[in-house]
Every structure is written in structure tokens, then in C-alpha cells.
Amino acid sequence: MIELIGTLAGEITGEARLIVDIAMFFGLLVIVAMALNFQYGNAGVPNMGCAVQVIVGAFTVSAITMRLTFWIVESAGIKLLPYYSDFDWVYNNQINVHVLVNPYLKEHPMVAISLLLFSMAVALVLGAFIGWIMSLPAIRLKATYLMIVLITMADTSQIFGRNIPKISGGTLGVFVPNVFAWYPGDRGVITAVITLAIGLVAFFIFRTMLNSPYGRLMRAIRENEVTVASVGKNVVGIRRNILVFASGITALAGVLNAFYFSFVVEANYQRAWWTYWPWLMLILGGPGNNAGTFLGCALVVAMRRIIIYYKWFFDQYFFFPISYFEDILLGTLLIVVMIFRPSGLIPEKLLYIPGVPYGRLVREEVKVDWRKAPRARAAGEKPRWMFWKR
Amino acid sequence: MIIPPLLMAAIVYACLITILSIGFTLTYLTAKIPNFAHGTYAGIGIYVSYTISKIMGLSPYVGFPLAFLLGGGMSIVIFLLVINVLQRIGGGAIVLTISTLAIQIFLTAALNIYAYWLREVYHTYSMAFMLKEFDFYIGDYPGVFPVTLILCIVTVILLHYMLTRTRIGVAMRATAEDPELASVLGINIYRVQLFSWFLTGGMACLAGAFLPLWFQSSPTTGAAIITSIMAGSLLGGFENVYGAIVGGFGVGFSEILLTYWLQGVFGSWVGEYRPLIPMFFLIAVLLLEPRGLQGVYERLSATKTGERLIGIFSRGRSVS
């Protein structure tokens, strides 16, 4: 991976390209899967609408960032082809983006980087907003009602994308500006590196939240929400906050996916790809711990990418497209894992806070300052930076 | 009397959605999970019809008993292999629901593969089709219209008879109320569940077998109509079979008529947004009255005027 970073565009072929591809999709899907682990694994909120949040990120790039880019380029004095009507938006898109905008971005790296940051910020806000809207009908009700609503919403978002060409060019799709045009090497490599970096940041954010008192509250809600409500906590509010926060993070994956392909079309954001596969990763790895999410994500992404990479090999023997074989694999794996390894490959460990006298806690009444508990780490314990031990 | 084709289409669709919604609600009552694969059972029925009529050259009506048996058998296999195993090792409601989603993905992919296989072997276009030309005609009416209407009414009457008068129906209701108490009373819950899964799978597959006689069908039709089925079931209260009859009929009927009406008002582009109508029902029901028509009914019967209204309709009999 590391020696690939310096290579020039077009030099990466064959298996090196496969590695870059796996790294990229691992970075993308680990963000989604970690957000899912945060919601389902730790708080028990079954978010079946990841695809909606991802599609919001992609639509942010194609509908908002692209118009902003065009405006910036036009105010710099470059004449663009008209893009105001539906037809012009799709028809002139290729020339506008590839011939006129990308050379400008190549000469102005700061503009390109700020555009990337801008679209991520907007996607974070919009994703959180969509998460709030999605939570409205059913967050108060049983988990199964929430699942029903969220699953149907994924199709709805695709219908809007398909029929309003101003968002993402309808069924044809639109190219988006290449914000990595200034990078001399391969665009796929830098996107993969940035995606993995963002995934790492997201991981540290989630880990910090899970180790905080709020994280313990989430686990308590997952175990028994009636008990939590009876001690005066606002269960519905906490569930909604979790859904909103994780939705924002999930939308980032959509932004990065759009920039990786430099192309946005609604058909790329089916609920099978962005909801069911992350769920398989979560359940395969083991809900409730991040190490399991990483393992499940790596296994599933590598499997899928290798199947796609050796597609020609499978196509000799199959009379149907390989994607249906993948679907059968997805369904079978999900059920087999749930039956034979209900807690995943890496089961969740019980929450253990160092410094809390659990033994005495059961036998007699001990006063524990729960707010200061995570800081009360005894000397000789494993150091803080060994995050994988958590 | 001339019935416009649009109204016929709406009635056929509403009848089929009613049968599917009843099955969905029955599954929810006995297994306590929403079965997302329920729409895909209908997809299997679609391909039974296709195979019987296009490949074998028979009338699709020959295939309906076969569709019922095939759907029921497959539903039992799913119950034995997946749902029962997961229930026994103590999977919660969410785990079971995800397993039904996995079954839905599996079955949709299997249907697609079957369609490709048909194309490979028989060289027919099996990806999107209608079987209107295999239907029989009574005067100007295609046979599917009276047959679905009669089927729907007969299903509702038989279901009512079964749930109120037969041993297995009473056992089913008892199991839905409280499985542990029912087993204490000597009801074999396992057998009741087997029966209910057979019934729901068979009914769904049968309803699906009617779909291509009027509507364009493809391997993904089954996965697409699950929204309407859930909306119908939810409108009826999700835990009440009689509510599902009203809810399913209402959602199916309004999905077609409302689309037509909105197309007249706003223009033909509204047709693309047809899947939003059951979605709208779903969200409106959850926001206004999460328990659907059953909740409305209970609220009505709590007031004096409502009691009198219900008394007029039920003529003094107690309605459960």
C-alpha cells in the first residue's frame, strides 16, 4: 500500500489496482459499519436506512458542491457552457466538468481542498437533518416499526434521485469535479488514503463516545430501556440523538464514494449495497465491538472485490450475472452466521471499567463516583493508547 | 353495467394486496416478526404462472393450486430451516427480522437466476412480462377480475370461519395472544406455527400468481410490493386480521386510483412517484395513530357516540 502512494496515474494496474480498490472500499464501508455498530451494536437502534444517508452525501456533492464549483469557476473568468435547464445540466455536464473545471482545479489546489471540506461539512449537516426526519415517524415505537419505515425510505430517496435530473442527472448520472486534480499521482490512491484517514478519525470519535458516560447509557438502553426510563433518562431523545449523529457520519461515506468514482448516479446507491452488506459486516464481525466490525468489514469487502475482479473467470461457468450469485452469498452468509455464531467472530466483551470495585459492589453498598470512573485507571493496567484491547 | 378498466385494475390490485396483507398480519401474530420476504413469495407465484402458461402452454389457472402448495411448502421449509432454529437459540425480534430480510435477498436472487435460466433454455424474454393473452374473457371482462374478487371474498369468509369456529383457528388466536399460556392449555404451538406459515406462504404465492394476468411483472415485483403490503397491514393495526382486510384493500385501491387522479391534476410525471403513496400511508398512520384502524376502533368504542355507531353496524353482536 505505502509504495503505491508515490506512483503516477495510469501506472497502477492488475493486482495493485485491486489492493487500492479493496483499501478504498474498506475505508468507505468501515465508516458505515462503524456508525451501524454505534447504533445497533451499542444502542440497539436498528438503522436499516444507511442507504438513505449515504445517498444524501452523494447528492450533496452532485447538487450543491458542483453548483458552487461552477460558480467559483465562472467568477474566475472561465466561460462555462449553460447548465441551468434540466437538459443542459446533464448534456453539457461532461464538457463543463472535464474540459473546463478540472484544469482550473488542477491549478488551484486550495480551492479543490476547500471544496472537499465544504462538501463533507454540508453532508454532515444534511445527513444529520435527514436522520432527524427519518426518526420522526417511528423512533417512539417498537424497533420493528422503525425498521419498516427506514427500509422503505431507501427506495424513496432513489425515486427522487431518478426523477429529478437537477439533483444527480436522473438515470444518466452526472460527472462531478475532480477535487484531487492537483495530485500528480493516481487519484484512486489519494482518495483511498483520505478515506482511510477519515475512517480513523471517525473510529476515534466513536470510541471516545462509547467510553464516555453517554456510551454506558447507550448500552443500558440496549439492555433494558424500561429500567433506564424509570431512573429518569429520556430514552426516546437519546435514541434520536444517536440516529442523528450516526447519520451525519454515514453521509461522509457518500461524499467520498462520489469523489472516488467522480460520478454520481442513483443506481449506485441501492439499499442492498449500502444497507444489507454493512449489516452483514456488522453481524459477521460481532455487534457491539469495533474490532469485530473491522474484521467483518475487511473479510466481506475483500471477498466482494475479489469476486468482481475475477468476474471473467466466473462468467465462463454462470449463465447469469455474477451480482445475483453475490446476493445469494449475502443471504446465506447472514443466516449461517446468525445461526452458528450469534455473537459474531469476535464476541462482545463485558464492559469493565478499571477502578470500580465490582466484587464489593455486589456484596455491600459502595459509593462509586461513576463520572470519574474511566479516569481511575490503576497503574500497571494496559496503557490508554492500546485501543484495540478495548 | 360497464366497469371502467381503471376501476377493475384498482379492484384486482386491492384484492391481491388484501390477501397479502392478511398473510403478513397472520405471520406477525404468530411469530411476532414482520416478514419482509412476504412480498417475494408473491414473486414466486408470478413465476409459477409464467412457467405454466408461457413454457408449458397451459392456462395459468391450472397453476394456481400448484402455486398455493409450492408457496406453502417453501414457507414451511423457511420456517423449519431458519425461523424456528433462530427462535430456539433465542434470537430477538430484530435478529429474526434481519433473517427474513436475508431470505428476501436470497429468494429475489434465486428468482432472477431462474429468469435467466428460462431465457437461456427456452429463449423467452422472462425479465418483464404480462400474461394478459393467456386469460379467458367473460364478455368484455377479463376472467381475472371476477376470479380475484371471488377469491378475496372467499378467503375472508373462510378465514373468519376458521378463526372463530374451528379448533386450529382458536388455537392460532390463543397462540397469538400468549404462547406460553396456550401451551399450558395443551395447544401444540409448534404445529400451530407450522400451519400458519403454510397458510400465509400459500396465500401469498397464490396472490402473486394472479399478478401477471393484469400487471407488468418482473423478478423484483415481489420485493417492490412489500411496501404496499406493510402499509395495508399497518393501517389495519398490525395485530388484527380484520383490520388488515380493510387496510390492505384501502391501500391497494387508493394506490392505483390516487395515482390516476394525481396524474390528471399535476401531469403524467406523477406516475413515477407511485411507490410514495403506500409510503405516505405508512408514515401518516405511524404519526397519527400507530395502532392503525384498531386503535381508532378502540378509541371510538370508549366514547358514548362511538359505541352507538358501532352498535348500529354490528347489530348488537360483540365484535372482537
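Description of the structure in this document. All values reported here derive from a predicted model rather than from experimental measurement. (Residues numbered from 1 in each chain as written. Chains lettered and ligands numbered in written order. Predicted model: local features only at pLDDT ≥ 70, side-chain atom pairs only at ≥ 80, totals over all residues.)

Let's talk about the overall build of chain B
The secondary structure content of chain B amounts to 14 helices and 2 strands. The C-alpha radius of gyration of chain B comes to 20 Å, within 12% of the 20 Å expected for a compact globule of 320 residues. With respect to the principal axes defined by its C-alpha atoms, chain B has extents near 60 × 50 × 35 Å. For chain B, contacts bridging at least 24 residues in sequence account for 73% of all contacts bridging at least 6. (Helix = DSSP H or I, 4+ residues; strand = E, 2+ residues; numbered from the N terminus. Rg over C-alpha atoms; globule rule 2.2 N^0.38 Å. Contact = placed C-beta atoms within 7 Å.)

Side note on the interface of chain B and chain A
Contact with chain B, which involves 38 residues of that partner, is made by 31 residues of chain A. No other element matches the 19 residues that helix H4 (residues 93–122) of chain B contributes to the side of chain B that touches chain A. Residues of the side of chain B that touches chain A, tallied by class, amount to 30 nonpolar, 6 polar and 2 charged. (Nonpolar A, V, L, I, M, F, W, Y, C, P; charged D, E, K, R; others polar.)

What about the packing of helix H2 (residues 50–75) of chain A against helix H12 (residues 271–285) of chain A?
Residues and elements named next belong to chain A. Following both chains from N to C, one finds H2 and H12 inclined at 130 degrees, their axes separated by 8 Å at the closest point. With respect to H12, the axis of H2 lies oblique. Between H2 and H12 lies a crossing of right-handed hand. Of H12, the residues touching H2 (which contributes Cys50, Ala51 and Val54) are Arg271, Trp274, Thr275 and Pro278. The residue makeup of the contact of H2 with H12, split by class, is 5 nonpolar, 1 polar and 1 charged. (Axes fitted to C-alpha atoms, helices over the stretch in contact; angles between N-to-C directions. Parallel < 35°, antiparallel > 145°, perpendicular 65-115°, else oblique. Left-handed = near helix turned anticlockwise from the far one by under 90°.)

Describing the nonpolar core
Considering soluble globular proteins, one finds that nonpolar side chains tend to be buried as a cluster. All names here are of chain A. Counting 200 residues, the largest nonpolar core has Leu29, Ile31 and Leu252 as the members making the most contacts within it. Top element by residues in this core is helix H1 (residues 14–43). It accounts for 18 residues. When residues no more than four places from it in sequence are discounted, the contact partners of leucine 252 are Ile31, Gly57, Met120, Ala123, Leu124 and Ile198. (Core = buried A, V, L, I, M, F, W, Y, C linked by C-beta atoms within 7 Å. Buried ≥ 20, exposed ≤ 12 C-beta atoms within 10 Å, placed from the backbone.)

What to know about the environment of B:Ala174
Residues and elements named next belong to chain B. Relative to the helices and strands, alanine 174 is located in helix H6 (residues 167–177). Judged by C-beta crowding, with 17 C-beta atoms within 10 Å, alanine 174 ranks as partly exposed. For the pair alanine 174 and isoleucine 187, spaced 13 residues apart in sequence, the C-alpha to C-alpha distance is 8.6 Å. Those residues in contact with alanine 174 that sit more than four places away from it in its chain are Ala182, Leu185 and Ile187.

Considering helix H13 (residues 290–309) of chain A
Residues and elements named next belong to chain A. The terminal C-alpha atoms of H13, which comprises 20 residues, lie 28 Å apart, in line with the 28 Å expected from a rise of 1.5 Å per residue. Those residues of H13 not exposed but buried are Asn290, Gly292, Thr293, Phe294, Gly296, Cys297, Val300 and Val301. For H13, the secondary structure elements touched by its buried residues are H1, helix H8 (187–211) and H12. (Expected span 1.5 Å × (residues − 1).)

Some words on the environment of A:Gly170
Residues and elements named next belong to chain A. Checked against the element boundaries, glycine 170 lands in the loop between helix H7 (165–168) and strand E1 (174–175). Glycine 170 sits in the partly exposed class, given 18 other C-beta atoms within 10 Å. Sequence separation of glycine 170 and glutamate 348 is 178 residues, and the distance between their C-alpha atoms is 43 Å. Setting aside anything within four residues of it in sequence, one finds glycine 170 in contact with Val90, Arg162, Asn163 and Pro165.

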